Every structure is written in C-alpha cells, then in structure tokens.
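As a plain string of letters, each chain reads:
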Amino acid sequence: MVGSVKVLSFDLEGTLVNHVFSDLVWNEGIPKLYAEKMGISFEEAKNFVLTEYAKVGDGKIEWYDIKYWFNRFGLKNYKKLFENYSDKVFYYPEVEEVLDSLKKDYMLVLATNSGREFLEFLTEKVRKYFDKTFSATSDFKCLKKDSFFYQKICDILNVKPELMAHVGDRLEDDVISPRRIGVKAFYLDRSGKTSNSFTVKNLKEFEFKIKSLD
Ligand SMILES: [Mg+2]
C-alpha cells in the first residue's frame, strides 16, 4: 500500500452507475405491476405509487427498501422485475479502468444508501474490485447523512477515518457527513460546474487527487 490513505470508499448511484435502472424500477416497473394487479391504467397506478413513495419520503429507511414496497403494494417477485431491466444498468465510462488501477494500491469499499438488493444487482460486473460493500439502510438501518454510517465502516475495517477517502455525488451524504468524522471526502460533480479543491468531475480525477495526497 502507498501513501497516506489506505481505504477508498465509493458511492454507487450517480458515481459508479447512472440512475436509469433505479428510475425504471421505481417509476415504471412497480407502477406497471400495480396497474396489472389492480386492473387500472398505468397513469393511475403511477400516480398512486408515487404519492405513496412521497408519503414515506427519503428520510425514512423504508423508502429505500424494495421488499417493503412490494409488500405494501401486494406485489411479488422483485427479482424478476430487476431481470426485466438488466440491460439498463449503465456504468460510467471510466469506472472499470479506475477501479482496476486503484485496486492495486488501496482497499476498495462501496458505501451506499441503496438497499442491499439494488447494491448486489447493480454491482455484479464490478463486484470483484471491492473488498467490502455497505448499505446504510439495509446493513445499519441508518442513512448516509448520519456520520454514524461512516464511523461504523471505519470501525468494521479497523481503519482511522483520516486514512479513508470517499467519493460520491451528493454533498450532504457523500461530503459533509463523512468529513464530520475526518474522512477525506470528495464531491463528484459530473457536470463540471463546481470547482474547488475537494470536487472532481469524474473518477479519473478522483484517482489523480488520491495519488497526489501521497
Ligand atoms: Mg449517489
């Protein structure tokens, strides 16, 4: 291992994969199944389902839990739904190359709010690069905006927060929360609009910043 940082942590959606798969599952697949089950139109079903999501809200653990929603709507077999959209999992272009390169010098982990079912499905092709994966909502019943999540990861890995770096596309979840306990966190803004010392526009740039910490 080289340098001052030993563990690199990556967010999942918006960082390794785009949101296409998730958006289709939540906003098309589930409403379609619900429409079929209830014998109502897709539009009606979508309206209902989205209203139900909003009632719970993304501040609650259940919001991220596909099993909870299948149960609540009386649906069956989320795995089949995932399979229907399996050609809609899109990694950002630099992902494999960067992970492959960083893997040689660092321990790589994945840290997401997504439920474990999404985590497993979305990481199939890059799973080999990661020593460990963590779902805040499934594994610890918390959210990333709570620094407890990052503390828990450091405890499990037995690494000081200062020796870990994290990258992700949400300021509160991926930058403010980990920085609160001393993790070297970087903000991924793929639009390239933000410019400061802790912002990167892709993972190539993250790799460069990490290597320049040494
Ligand atoms: Mg994200």
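Residues numbered from 1 in each chain as written. Predicted model: local features only at pLDDT ≥ 70, side-chain atom pairs only at ≥ 80, totals over all residues. Heavy atoms only, no water.

Colleague: Quick rundown of the packing of helix H1 (residues 20-38) against helix H2 (residues 42-56)? Include the residues and the values.
Modeller: For the pair H1 and H2, the least separation of the axes is 8 Å and the interaxial angle reads 120°. Crossing angle aside, the handedness with which H1 passes H2 is right-handed. Together, Trp26, Asn27, Glu28, Ile30, Pro31, Lys32, Tyr34 and Ala35 of H1 and Phe42, Ala45, Lys46, Phe48, Val49, Leu50 and Tyr53 of H2 make up the contact between the two elements. Considered class by class, the residues forming the contact of H1 with H2 number 11 nonpolar, one polar and three charged. (Axes fitted to C-alpha atoms, helices over the stretch in contact; angles between N-to-C directions. Helix = DSSP H or I, 4+ residues; strand = E, 2+ residues; numbered from the N terminus. Left-handed = near helix turned anticlockwise from the far one by under 90°. Contact = heavy atoms within 4.5 Å. Nonpolar A, V, L, I, M, F, W, Y, C, P; charged D, E, K, R; others polar.)

Colleague: If you had to explain the coordination of the magnesium ion to someone new, which residues and values would you point to?
Modeller: Listed as protein donors to the magnesium ion are Asp11 (OD), Glu13 (O) and Asp169 (OD); their distances from the metal cover 2.1 to 2.2 Å. Mapped onto the sequence, the donors of the magnesium ion take the spacing D-x1-E-x155-D. With Glu13 in the loop between strand E1 (7-10) and H1 and Asp169 in the loop between strand E4 (164-168) and helix H9 (171-180), the pair connects residues that are 156 residues apart, well separated along the chain. In this structure Glu13 comes out as buried when scored by relative accessible area, which is 14%. (Donors = N, O, S within 2.8 Å, 3.2 Å for Na, K, Ca; no water. Buried < 20%, exposed > 50% of the residue type's maximum accessible area, 1.4 Å probe, protein only.)

Colleague: Kindly report on the packing of aromatic side chains, identifying the contributing residues and their values.
Modeller: Under the defined criterion, the tally for this structure stands at 23 aromatic pairs. Seen from their ring centres, Phe21 and Phe121 are 5.2 Å apart, and the 20° between their planes marks the pair as stacked. Of this pair, Phe21 sits in helix H1 while Phe121 sits in helix H6 (residues 116-122), and the two are 100 residues apart along the sequence. Taken individually, Phe21 and Phe121 each receive the classification buried, so the pair is uniform in this respect. (Phe/Tyr/Trp six-rings, centres within 6.5 Å; stacked < 30°, edge-to-face > 60°.)

Colleague: For the domain arrangement of the protein, give the residues involved together with the corresponding values.
Modeller: Once the domains are mapped, the protein shows domain 1 (7-18 + 90-213) and domain 2 (20-87). A C-alpha centroid distance of 27 Å is found between domain 1 and domain 2. Each partner contributes residues to the interface: domain 1 has 14 residues there, and domain 2 has 16 residues. Contact between domain 1 and domain 2 buries roughly 1400 Å² in total, counting both sides, with carbon and sulfur atoms accounting for 70%. Of all residues in domain 1, the largest losses of buried area upon contact with domain 2 belong to Glu117, Phe118 and Phe121, amounting jointly to 48% of the total for that side. (Domains from an automatic or database assignment. Buried area = accessible area lost by both parts, 1.4 Å probe.)

Colleague: I'd love a proper account of the sheet that holds strand E3 (residues 132-135), names of residues and values included.
Modeller: Ordered in space as E3-E2-E1-E4-E5-E6, the six strands form an open sheet in which the pairing is parallel. Where the open sheet ends on each side, the last strands, each with one partner, are E3 and strand E6 (199-200). Examined bridge by bridge, strand E2 (residues 107-112) and E3 share four bridges and lie parallel to one another. Considered in E3, the bridge of Val109 is made with Lys132. Across the sheet, helix H8 (residues 148-157) lies against E1, E2, E3 and E4, angled at about 150° from E3, the strand it touches most. (Pairing = 2+ DSSP bridges.)

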